[in-house]
Structure formats: structure tokens, C-alpha cells
Amino acid sequence: MRYASAEVRKQFFIDMFTRDISLEDCVLDLIGNSLDSYLLKHAISVSELIFGPDATNGARKPGRIDVTCTENQIKVVDTCGGISRERAMKDVFCFGHDEDDPVGKLGAYGVGMKRALFKIGNKFDIVSRTATEGFEVSLNLQEWAEKKEWKIPITFVEGADSEAKAGTSITITELHEEVALRIREGGVPRNILNDAATTYPYFLDRCVKLRIDGNDVPPRPIPFGESDGVIRAAREKFEQSNVKVTLAASVAPGQRMAEQAGWYILCNGRVVVDANKDDLTGWASDLASFQPKYRSFVGLASFESDDPLRLPWTTTKRDINRESGVFIRARSLMATMSKPILTFLNSQYPSDPNAEVGDIRDAVEGVQPVSFRDIASRSPSGFLYTPPKKKAKTNDWVRFQASITSLDKVRHHVRRPSLSASDVGKLAFDHYVKTECADD
Amino acid sequence: MIIDALQRLATAGFPIFDYQYTGFGAIYFVDFIMLHKLLGMNRLLSLEQDKSLENRVSFNKPFSCVDIKMVPASSEIPSLSRDIRHIVWLDYDGVLRKDFLSDIQSAITVLPAGSILLVTVDVEPPEDYDYKQVDPDFDSSKNVLGPKQWKRYFEHHASGYLGLGLSEGDFGKSELLQRSIEVLKGAFTRSIVARPELEFLPMFHFDYRDSHRMLTMGGMIAGPTERRLLRASTIDAAIYYRGDFGTQPFEINVPRLTRKERVYLDREMPCPDGWSPKEFDLDPDKARQYREIYRFLPAFAEILL
């Protein structure tokens, strides 16, 4: 029997699989690893973060993550607990996870850190300390790529001595030219800040404080709205293949830009897709195409699992695997939930100019913020708009066409040549009522 | 026939009287009256999207247990209770449209197992339709409507459900029934795929004409328990039952008969094959057609007061 080579080549990982992810998303993956360390260390479930009470950490001290970004180096330093030597030896530097490896909530594929290191620079230094033990790794990528063996030299160092100081520092230097160029071009730290704010809103300030180049990153939560007794959000839940899915859709409060509208998809608390308005979430196929009049629409789909491989995210964690069975089912529900909301938002702009839309527009303006947690805690139901009870009409519109000759006759008669046509009509109407109709 | 089917299901163990029926009662509420009187159903919801009919619909409400909501099906279906089972009959009076397919998807997505969905559509060429929406070159003053425009119509409203390689010839007037069957079948199948623990079991497949040729298809959203109960029922013995949408639909042909002729025929029903009445001329085929539907025909009467 002959055999063809199926060798894994280092150059593939260094040059090729780094192309499908942006620099900013690489840094987000490193931040995600720090978050994962914190979640593991404190045994925090994602459900607790998203659906738990808003109370502060209590006895738990928040972790810190500091990211600095210059054209010479990118550095991510955290106090999120550190990595054990055992994990460093057996798992952290492998591509992919073994069945027995402990898996975090945000790290699914075992590639995020490696891909980030390879993408960003030629040299990296990692120092990680738990309270009791630590290790150091320094590597020159090109030198490593020239060797056949798939091993990385590691040195054991002392631990951090306290839980508060336990954490990991990753420093990447000898940045690749295209990375340095992007940083020189400007905007990368701001992009990372904005992306982190919108990607990790359920983690920031709840379990970690994040800073980019010394600037605090406040979370940007996804706003939901309801109006007591008038507008009630849609919500659905199901569980499939060990993935818990929670869906909510409603009208967002306040003035909204179209860019903010659409479906947000979370996997284990990380926002993977934000403000989606295309076919991924049913727009232009199961739903109408997005239009600015739908700018108040907001939907959130949360997928949660102890096994992150079951979640429907791609390896970049910026898109969804459309072949995922649990996503196919969720997407169907998302479209169903969205339709009544779009019908409601459509009704603000009726084709009949005489239709009364005041109640609907008042309802949209009266929407108040409500948390995803509160919506998700109720049993499944569709979107509901309850119009206020109609007050008896006391006024109505009078509209008709009149010849200009007749209008001018009235204007001449009352000696007000510049009287508008509607005022002429009102004058004539009032005159008739006064002179011909008996008082009630 | 629907009533007959539901009675058979009730006998098999489906608590039909506890189901909620949601339909488009309009101002006549025919189905609501029959379901309440013959099956004892009390959860009845009529949807009407034409708000100008509100007063008339309310006035004609037949029983206090009938709720009326002046909203389209798309707004109400997502809110149907998940704690009870439903019979939903989307009795559209028009040719297939995108929003019909959207309603089917919503219903199959949310309704719990044991629920029954029926859909009725017109299978004549769409009339009163602005064909410029689907064929910008169409000029009603010069062009005659035909398969080209009907193909464009179906592609606009249901392209995701049409087979590949269809030509204009596949959209001739006589082919629209088959195209509609394919689209509805596709809509049922695609929608249930998202719920891998359930299946959509076909039950109803009717082809009939009143003023227009109409198609009704429907079935049950079923898990293993519902499948077992359905199989154990007598519904598969019913002449109208269709457990596979690939078979020919049940054609409802109602022979034109006088009341006197019907009384005479009823005495001989069920008649053997090939039988025809001696007292008046009636083709054996028409007698057979009558035999298939006599049990389900209402008796109408005109009274001169």
C-alpha cells in the first residue's frame, strides 16, 4: 500500500488561516481568553451574567484587562487568574482541543490565541501566573517555523502569590508590516474599543474592567423596550442539542439610527452578530427587506452551552454557521417573532392618508427601556400591541375641492384677498352653522 | 369532511373539543358554527384584517365563545398559546402569495405537537394583480396575460419552493394546481425541518371548484405520540384522507341535483359501483361522485314566506 503525505505544515497556520480574521478581531479573541480565565476561575455561568440579577459582583473582585497597541507592539495584560502549568503543557499551545481538555465558555476551537499571535507579529512573550505557579514562553515565529517539531519551549516561573495578582501577560513584538501599517494608519485602538464595547457588553463592568490604551471601555448594552399595557416584547425559548436558546424581539426606546436596528446574536454571552439586517436573520427572505421605518426594531438571540462547540458560531466568532440545526430552528422562530413587529412599525406609515396613526406613533415614542433579562424571564409569547381605548371623536376632517372663482368671491366679500383656501372653507362652514343650524 | 376527520381523531384520543380553532370567519362564520355545534369546541378565534368590516363581523358573531381580532394572521399566529393545541385554517381567498407562505412558516414554527394546520388557496391564474411588479415590461393595453406572466408571478412569490428547470409551459392554467401543490408542500416541509423532533403528517388534500378552483392542503404537526394516535385512528379509512401529498388530491365534485333527486339517491346510498337511478337519468359516474360526498353535503332550503 502506498501513502500520500497528509502532513500538517506550519506555514499554513502562520500565513493562511490568519487571513480570514481582522486585526481587531484577533485582539478581541485575546480579550475573550482573559474573560474565559476569569469565568473559569470564579465558576461564573454565562446565564448568570446575562440573566442573573443586576447586583454587583459582591465578594468577587472584578478582573482587569489592559490592552495597549502601538506600531511596535500589542500587549494584553490581565488579572483574570492565569493559566495553570498543566494546561500550558498539554492544551494552550495545541491547535484544537483534546476531548479531555477543560473548555472555557468563549474559547471553542482552540485556535484564537495562536491565530492572533501569528497574525500580529513575529515574536511573542507570554507570562502567566496563577496564585501558586507560573510559566513563561518566548518564541520567534520564523525560527520556530523552520523546525519540523511541533513543540514550544516553556520555562516554569513562580506563581503570583495572590489571587488578586494572578493573570496573564501577552506581548507581541516585531509586528508584521501590514499590521504595523494599519496601526500607523490610525483608528485601530478606537476600533478595538468600540468592538469590545459592543461584543462583550454582558462581561464588561460585570466581571472585568477593560481598558484600551488607558481608556476605559464601557459596555454598550443592546436596548430593548416595552410600554406598560401598550407594547409587550416577543419572547421564545427552547433547548436543543445541549444548547439553550433565548429569543426576544421588540421596539427599542428612544431615537434610533437604522445602523442599530436588527437582530443581535450572542453565543455564550459574546455578541457574534450585531444589528443584522440581511438574509442571515431572515430579512428580504422570510421577512421584508429592511427599510429605515424599521429602525426601532431590535431582536436578540442568545445561544448558550457548556460545550461551546455546539454553538452556531464560526471560528472567527463574527458569523454564524448556517448549517447549525439549532440556528435553523432559532432563525425560523426569529422570523415568526419579527413579523408582527414589522407590521406594527409599518402601520406608522399607512397608504391611506386619512388613517389615524397618532396612537401608534405615540406608542413607539412611549417605549421605555426594559432588560433582556426581564423579557426572557416570562413565558413565550408573541409581540403585542394594545391600542389605547378610542375616545369618542369630537372632531373630524372636512376636505373638499372648490372652484377658485368661488373662493375669490368669498375673499372679495369678506375683503380678505389673501385668505387661504382652508380658511375660506372654515369661514363658510362656521357661517352656515351659525346662521342655519339651531343651537342644541 | 374536516368535521368527520376531527371526529375520528377525537375517537382516537385527540382532545379535539379542547383545541382552539383559529380561522377567517368573515361575516358568515360557517366553520365556527359547525365546530362549536358538532364538536363542542369553545375556543374559537376569528381573524379579519379588513378593519372596515369590524362592525359587521362583530354583529354577525354567532356565539359568545367566538373571539374576534381585527388583525392579519401574521400578527396573531406568534401569540397563539403554546399550552393548548390548535386547529388553524388559513382559508385564503386568493392565489398563493409570499405572505401566505410566511404565515405557514410561522404556524408550523410555533404550534405545539398535535396541532392541525390547513391552508386553502385559489389555483386559478391571479387576477386583479399589477403584473408590472413581476414583469416590468408587461403592458396591460398590449399584452395578454398568459403563462409567462404567471411564471413570473410564482417566481416572485414562491421562488424558493419551485423546482428547478420549470419552463413557461409548466405555468399554463391547467398546471397551476400542480405548481401550487408543490409550493405548499415545500412550505410545510421546509418549516418543520427547523423542529427536528417533529414531523408534518399530511392529512388533507382537496381539489374543488365553487366560483374558482380551490386547493386545500393540511396536516398535523406530530411527535411520536401523535403519529401513533393518528395511525391508530380510523382516518386512513376515510375516502378523503391523503397521507401523502404526492398522491392525487381528493376531488370534490358535487353533482347538480334537485332536492327530490337527492332524497331518492340518499335512500340508495351507499350504492354499489356502476349503479345509477332508474327513476331519472344520472350517469353512473355522477352517482359514484355523489356516493363519495353525500354524507358531507349540507342540505339547503329556500323558503318563501
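Just so we're clear, the structure is a prediction, and the values are computed from it rather than from any experiment.

What counts and how
- Numbering of residues starts from 1 in each chain and follows the order in which that chain's sequence is written.
- Just so you know, chain letters begin at A and ligand numbers begin at 1, following the order they were written in.
- Since the coordinates come from a predicted model, pLDDT governs what is reported: local features require at least 70, and pairs of side-chain atoms require 80 or more to be given and counted, while whole-chain, interface and lining totals use all residues.
- Strands here mean DSSP runs of E at least two residues long; helices mean DSSP runs of H or I at least four residues long; both are numbered from the N terminus.
- Burial is judged by counting the other C-beta atoms within 10 Å of a residue's own C-beta: 20 or more makes it buried, 12 or fewer makes it exposed, and any count in between marks it as partly exposed, with every C-beta position built from the backbone.
- A pair of residues counts as a contact when their C-beta atoms, built from backbone coordinates, are within 7 Å of each other.
- Residues were grouped as follows: Ala, Val, Leu, Ile, Met, Phe, Trp, Tyr, Cys and Pro as nonpolar; Asp, Glu, Lys and Arg as charged; and all remaining residues, including Gly, as polar.
- Pairing between strands is defined by DSSP: at least two bridges between the two strands are required.
- Geometry is summarised by axes, namely lines fitted to C-alpha atoms with helices restricted to the contacting stretch, and by angles between N-to-C directions that run from 0 to 180 degrees.
- Source of the domain bounds: an automatic or database domain assignment.
- Throughout, right-handed denotes a crossover for which the path from the first strand over the helix to the second runs clockwise when the strands point away from the viewer.
- Multiplying one less than the number of residues by 1.5 Å gives the expected span of a helix.
- Buried Ala, Val, Leu, Ile, Met, Phe, Trp, Tyr and Cys residues whose C-beta atoms connect them within 7 Å together make up a nonpolar core.

**Some words on the overall build of chain B**
Phase 1 of the analysis: Assigned secondary structure in chain B consists of 10 helices and eight strands.
Phase 2 of the analysis: Taking the principal axes of the C-alpha coordinates as reference, chain B spans close to 60 × 50 × 45 Å.
Phase 3 of the analysis: For chain B, buried positions account for 35% of its 305 residues.
Phase 4 of the analysis: Long-range pairs, those at least 24 residues apart, make up 61% of the contacts in chain B between residues at least 6 apart in sequence.

**Quick look at the interface of chain B and chain A**
Phase 1 of the analysis: Counting from both sides, the interface comprises 16 residues of chain B and, opposite them, 18 residues of chain A.
Phase 2 of the analysis: Elements represented by at least two residues in the side of chain B that touches chain A include exactly α4 (73-76), α5 (98-110) and α7 (176-193) of chain B.
Phase 3 of the analysis: Top element by residues in the side of chain B that touches chain A is α5 of chain B. It accounts for five residues.
Phase 4 of the analysis: When grouped by side-chain class, the residues that make up the side of chain B that touches chain A number six nonpolar, eight polar and two charged.

**Looking at unusual backbone geometry**
Phase 1 of the analysis: Note the cis peptide between M269 of chain B and P270 of chain B, where omega equals 0°.
Phase 2 of the analysis: Here P270 of chain B is to be found in the loop between α9 (259-268) and α10 (284-293).
Phase 3 of the analysis: Even without a glycine there, the phi angle at S241 of chain A is positive, about 50°.
Phase 4 of the analysis: When you line up the elements, S241 of chain A lands in the loop between β11 (234-240) and β12 (243-251).
Phase 5 of the analysis: Residue S241 of chain A is classed as partly exposed on the basis of its C-beta count, with 13 C-beta atoms lying within 10 Å.
Phase 6 of the analysis: Not every positive phi belongs to a glycine, and A284 of chain A is a case in point at roughly 65°.

**Regarding the sheet that holds strand β14 (residues 270-276) of chain A**
Residue and element names in this part refer to chain A.
Phase 1 of the analysis: Ordered in space as β11-β12-β15-β13-β14, the five strands form an open sheet in which the pairing is mixed. In this open sheet, the two strands that pair with only one neighbour each are β11 and β14. Taking each pair of neighbouring strands and ignoring which way they run, the sheet shows an average axis angle of 10°.
Phase 2 of the analysis: One ladder, built from seven bridges, connects β11 with β12; its direction is antiparallel.

**Examining the domain arrangement of chain B**
Phase 1 of the analysis: When its domains are assigned, chain B resolves into domain 1 (2-252) and domain 2 (259-296).
Phase 2 of the analysis: Between the C-alpha centres of domain 1 of chain B and domain 2 of chain B the distance comes to 31 Å.

**Overview of the environment of R209 of chain B**
Residues and elements named next belong to chain B.
Phase 1 of the analysis: Topologically, R209 is positioned in strand β6 (residues 199-209).
Phase 2 of the analysis: Given 13 C-beta atoms within a 10 Å radius, R209 is considered partly exposed.
Phase 3 of the analysis: The spacing of R209 and E251 is 42 residues in sequence and 9.0 Å in space, taken between C-alpha atoms.

**Observations regarding the pairing of strand β15 (residues 297-304) of chain A**
Residues and elements named next belong to chain A.
Phase 1 of the analysis: For β15, the tally of buried residues reaches eight of eight residues, placing the bulk of the element in the interior.
Phase 2 of the analysis: Residues F297, G299, A301 and F303 point to one face of β15 and V298, L300, S302 and E304 to the other, with burial holding for every one of them.
Phase 3 of the analysis: As defined by bridge partners, strand β13 (residues 262-267) adjoins β15 across six bridges and the pair is classed as parallel. Note that in β15 the partner of G262 across the bridge is V298.

**Considerations on the pairing of strand β3 (residues 66-69) of chain B**
Residues and elements named next belong to chain B.
Phase 1 of the analysis: Sheet topology note: the strand β2 (residues 43-47)/β3 ladder contains four bridges and is parallel. Looking at β3, one finds that S46 is bridged to I68.
Phase 2 of the analysis: At this point the chain moves from β2, through helix α3 (residues 54-59), to the parallel β3, and the crossover so formed is right-handed.

**Some thoughts on helix α13 (residues 421-436) of chain A**
Phase 1 of the analysis: End to end, α13 of chain A covers 22 Å across 16 residues, agreeing with the expected 22 Å (1.5 Å per residue, within 8%).
Phase 2 of the analysis: Counting buried positions over the 16 residues of α13 of chain A gives zero, only a small fraction of the element.

**Examining the nonpolar core**
Phase 1 of the analysis: In terms of nonpolar packing, the biggest core is built from 99 residues, with V27, I31, A248 and A301 of chain A touching the most fellow members.
Phase 2 of the analysis: With 11 residues, helix α9 (residues 325-346) of chain A is the single largest residue contributor to this core.
Phase 3 of the analysis: Domain assignment of the residues forming this core places at least three in each of domain 1 (10-216) and domain 2 (224-385) of chain A.
Phase 4 of the analysis: Sequence-distant contacts of A301 of chain A, that is, excluding residues within four places in its chain, are made with V245, L247, W263, I265, L266, A330 and M334 of chain A.
Phase 5 of the analysis: Core analysis: the second largest hydrophobic core is formed by 61 residues, I108, V119, F200 and M217 of chain B among them.

**A word on the domain arrangement of chain A**
Phase 1 of the analysis: Considered domain by domain, chain A is made up of domain 1 (10-216), domain 2 (224-385) and domain 3 (404-436).
Phase 2 of the analysis: Relative placement of domain 1 of chain A and domain 3 of chain A: their C-alpha centres are 78 Å apart.

**Here's the deal with the sheet that holds strand β6 (residues 167-175) of chain A**
Residues and elements named next belong to chain A.
Phase 1 of the analysis: Spatial ordering of the open sheet is given by β5-β4-β3-β6-β2-β1-β7-β8, a layout of eight strands whose pairing is mixed. Two strands lie at the open edges of the sheet, namely β5 (155-158) and β8 (215-216), each paired on one side alone.
Phase 2 of the analysis: Inspection of the sheet shows strand β3 (residues 121-129) paired to β6 by eight bridges, in the antiparallel sense. Paired with F124 across the two strands is I172, which belongs to β6.
Phase 3 of the analysis: Sheet strands in contact with helix α2 (residues 23-42) are β1 (63-69), β2 (73-78), β6 and β7 (208-212), and its direction is about 15° off that of β2.

**Quick word on the environment of D274 of chain A**
All names here are of chain A.
Phase 1 of the analysis: Structurally, the position occupied by D274 is in strand β14.
Phase 2 of the analysis: Its 20 C-beta neighbours within 10 Å are what place D274 among the buried residues.
Phase 3 of the analysis: For the pair D274 and R361, spaced 87 residues apart in sequence, the C-alpha separation works out to 26 Å.
Phase 4 of the analysis: Apart from the residues within four sequence positions on either side, D274 is in contact with T198 and Y264.

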